[in-house]
Amino acid sequence: MISNELLKGTLKTIVLRLLEENGRMYGYEMTKEVEKLTDGKVKITWGGLYPTLHKLEADHLIVAEEVNIGKRVRKYYTLTESGNNTAKEKVQEFIDFVAIMGQILNPKPSLNIG
Amino acid sequence: MALLSEKEIHFLGTEIERGGLTYTELQQELLDHLCCDVEAKMEEGLAFVKALEKVKGRMEPDCIRQIQEDTLLLINKKYRLMKKFMFILGMIAPSMLIIGTIFKIQHWPGAGVMIVLSLFLLGAIYLPVFVSVKIRDTRKQGKPVNKPMYIFGLIAGIVFIAGAMFKLQHWPGAGVMITLSGIVTVAIFIPILVIQAIREKENQVQNFTVLIFVLSFTAIAFMMVALRPSQYIMDSFISPAIENIKMERIIEENNDVFIDRFSPLYSESKVLAEKINNLSKRTDDLDDYISDIIRTIIVEANINNQEAIGEDGSIEIFDLVRLDNYSSVDYILFGDDENKGAGDELQKVIEDYRELAMAAVGPDFSHKIEKALETNSSFHGEMNRSWLESYFYHQPMIGAVIQLTDIQLKIRIVEGEVLSYLICKLP
């Protein structure tokens, strides 16, 4: 399990990446998809997900579309054009971040023989 | 995939509402999420109640309300900033206005800047921000927004504040703005406020307080207009001004006739001729200078007074309006932060003329001239006020016109006296 503390700053990137890959998704679907991709190691709570979705919507990075499912309404999200660009930037930024963190956390064995 | 029945969905809906969710944008979405969760458990073979229990067991207490709070916090950052900005501005602008007013009363520099800036902040920024925050608050509470109330309130407020600012800065159009805002307030804004106060049950105390304050301020504003001296009293000041102008003309004509008649006699003496011509020219210059000041003051009192001025510069006193306006006299003669008044210059040119006239006559005669045109003592022997202050400060426009035409009359009398003195000395 990955702690929520670590996930906090990455949620935006995860959501944007998911939408970039899958096109149109709704909230519950996203949590399941992440669970599936990480073999259940990462669980996104709705407490983190929905505020992020609404913030992205307010920033015009994603748009929502309401669809009636049986007796209830489901909100599907898709990336906007600027959202698409931001998704690419964010993902690249995060990949760079992981690489740099890797340098800190597993330093390559030093070649300098003192 | 098992789909929940309408009844079960409704049950989950009330469950979410009980969790404290009021933000409608989230309601549907969280309901769908909860439904999906429960359905997934039911897929595993659990009954609805058991499935729900399991899902709820994984949920943190109070998490629904937390989601709502987080969401609102994230998407409403701008609004929160706006509100904070409004509170800070609401403290700064009135404080600055009060300090500016104190400076103005004390005649310290910087009063004008502070007053204009604070009124601008109040009218152009605070009021619109307040209205937009208030409208958003009302909408968020799901209540209808009384648009006309906000629109007309905003118009009346902005126009009134702009009018006050223009008035203080002696910019044209202040009167029209204040009248317009008064009309909008009385004819439109107050009736809307009354209706709103009666209709709305929740904020009655607040609404009535606002209403009472608006009414009181309107009443005070009207009272101040009504307290202006009666037109009849002001009219009684007209005749002295007219008399002064009439007398001055008579004496001026006399002096001209005098000069015409005696010029063949004194033109032989070059020194004397120059003296007389110089005196006559200086008298005309001073007369014109004072006339200029009078015209500036009456136009400052009201722009319509332009029409009371004839093509030759003469003033039809009967046609003047706003005889009681005293700020025009203060502004023209004593100035404000930005402009130096013409008062000191006026006193100086009168004194220069007095010196000239006194030098032209012998010592036995000069003290009479000194007395006629004295600028040392103050009215009623007020020790701490200068001649200029005691005769002009806070005087109504018509009062200043009387004083100034009186000075014009006096210099014509002095001119005549000096002329006759000089000509009597002719061999």
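Criteria and thresholds
Residues numbered from 1 in each chain as written. Chains lettered and ligands numbered in written order. Predicted model: local features only at pLDDT ≥ 70, side-chain atom pairs only at ≥ 80, totals over all residues. Helix = DSSP H or I, 4+ residues; strand = E, 2+ residues; numbered from the N terminus. Buried ≥ 20, exposed ≤ 12 C-beta atoms within 10 Å, placed from the backbone. Contact = placed C-beta atoms within 7 Å. Pairing = 2+ DSSP bridges. Core = buried A, V, L, I, M, F, W, Y, C linked by C-beta atoms within 7 Å. pLDDT = per-residue confidence, 0-100. Nonpolar A, V, L, I, M, F, W, Y, C, P; charged D, E, K, R; others polar. Axes fitted to C-alpha atoms, helices over the stretch in contact; angles between N-to-C directions. Parallel < 35°, antiparallel > 145°, perpendicular 65-115°, else oblique. Left-handed = near helix turned anticlockwise from the far one by under 90°. Expected span 1.5 Å × (residues − 1).

## Details of the overall build of chain B
Phase 1: Along chain B, the regular secondary structure elements total 17 helices and zero strands.
Phase 2: Within the span of chain B, comprising 427 residues, buried residues form 24% of the whole.
Phase 3: A sequence separation of at least 24 residues applies to 62% of the contacts in chain B between residues at least 6 apart.

## Section: the overall build of chain A
Phase 1: Within chain A one finds five helices and three strands.
Phase 2: When the helices and strands of chain A are read in sequence order from the N terminus, they spell out α-α-β-α-α-β-β-α.
Phase 3: Per-residue burial for chain A yields a buried fraction of 29% across its 114 residues.
Phase 4: In chain A, 52% of the contacts between residues at least 6 apart in sequence involve partners at least 24 apart.

## Considerations on the sheet that holds strand β1 (residues 25-26) of chain A
The pairing of strands in a sheet comes from backbone hydrogen bonds and takes either a parallel or an antiparallel form.
Residues and elements named next belong to chain A.
Phase 1: Taken together, three strands build an open sheet; the order of strands is β1-β3-β2 and the sheet is antiparallel. Bordering the open sheet on either side are β1 and β2 (62-69), each of which pairs with just one other strand.
Phase 2: Pairing of β2 with strand β3 (residues 72-79) involves eight bridges; the strand directions are antiparallel. Across the sheet, residue I69 finds its bridge partner in β3, namely R72.

## Let's talk about the nonpolar core
Phase 1: In terms of nonpolar packing, the biggest core is built from 36 residues, with I294(B), I297(B), I298(B), V329(B), M397(B), A400(B) and V401(B) touching the most fellow members.
Phase 2: The set of elements that each furnish at least two residues to this core consists of α12 (270-301), α13 (327-334), α14 (343-360), α16 (387-392) and α17 (397-424) of chain B.
Phase 3: Sort the elements by how many residues they give to this core and α17(B) lands first, with 11 residues.
Phase 4: When residues no more than four places from it in sequence are discounted, the contact partners of V329(B) are I297(B), F392(B), Q395(B), M397(B) and A400(B).
Phase 5: Formed by 35 residues, the second largest nonpolar core is a distinct cluster that contains L18(A), I44(A), L56(A) and A87(A).

## Overview of the confidence of the model for chain B
Phase 1: The pLDDT averaged across chain B works out to 84; a share of 95% of its residues lies at or above 70.
Phase 2: Complex prediction metrics read pTM 0.48 and ipTM 0.86.

## Concerning the pairing of β3(A)
Phase 1: Pairing of β1(A) with β3(A) involves two bridges; the strand directions are antiparallel. Paired with Y26(A) across the bridge in β3(A) is Y76(A).

## Notes on the interface of chain B and chain A
Where interface size is quoted, it is often the accessible area lost as the parts come together.
Phase 1: Each partner contributes residues to the interface: chain B has 20 residues there, and chain A has 16 residues.
Phase 2: The set of elements that each furnish at least two residues to the side of chain B that touches chain A consists of α1 (6-18), α2 (24-43) and α4 (63-75) of chain B.
Phase 3: The greatest single-element share of the side of chain B that touches chain A, amounting to 10 residues, is contributed by α2(B).
Phase 4: Classifying every residue of the side of chain B that touches chain A gives 11 nonpolar, four polar and five charged.

## Quick notes on the packing of helix α4 (residues 46-58) of chain A against α4(B)
Phase 1: Where α4(A) contacts α4(B), the axes come no closer than 8 Å and their chain directions differ by 25°. Classified by the angle between their axes, α4(A) and α4(B) sit roughly parallel to one another. For the pair α4(A) and α4(B), the sense of crossing is right-handed. Between α4(A) and α4(B), the contacting residues are W46(A), G47(A), Y50(A), P51(A), H54(A), K55(A) and A58(A) on the first element and C63(B), Q66(B), I67(B), D70(B), T71(B), L74(B) and I75(B) on the second.
Phase 2: Partitioned by chemical class, the residues of the contact of α4(A) with α4(B) number eight nonpolar, four polar and two charged.

## Considering helix α7 (residues 147-168) of chain B
Residues and elements named next belong to chain B.
Phase 1: Across its 22 residues, α7 extends 32 Å between first and last C-alpha, which sits within 8% of the 32 Å expected from 1.5 Å per residue.
Phase 2: Turning to α7, its buried residues are G153, A156, G157, V159, F160, I161, A162, G163 and M165.
Phase 3: In the stretch just after α7, H170 is the one whose phi turns positive, near 60°.

## Quick look at the environment of G123(B)
All names here are of chain B.
Phase 1: Residue position: G123 is located in helix α6 (residues 111-140).
Phase 2: The class for G123 is buried, based on 21 C-beta atoms found within 10 Å.
Phase 3: Separated by 30 residues in the primary sequence, G123 and A93 place their C-alpha atoms 9.9 Å from one another.
Phase 4: Residues in contact with G123, not counting those within four places in the same chain, are G157, I158, I161 and A162.

## Some details on the confidence of the model for chain A
Phase 1: Averaged over chain A, the pLDDT score is 86; the fraction of residues at 70 or greater is 91%.
Phase 2: Averaged pLDDT values for the elements of chain A fall to 74 in helix α1 (residues 4-7) of chain A and rise to 92 in β1(A).

## Overview of unusual backbone geometry
Phase 1: Here H60(A), not a glycine, exhibits a phi torsion of approximately 60°, which is positive.
Phase 2: Phi at H394(B) takes a positive value of approximately 60°, unusual for a residue other than glycine.
Phase 3: Judged by the 11 C-beta atoms lying within 10 Å of it, H394(B) is exposed.

## Some thoughts on the environment of T218(B)
Residues and elements named next belong to chain B.
Phase 1: By secondary structure assignment, the location of T218 is in helix α9 (residues 204-226).
Phase 2: Taking the C-alpha atoms as reference, T218 lies 9.8 Å from I190; in sequence the two are 28 residues apart.
Phase 3: Excluding its chain neighbours within four sequence positions, the residues that come into contact with T218 are T185 and V186.

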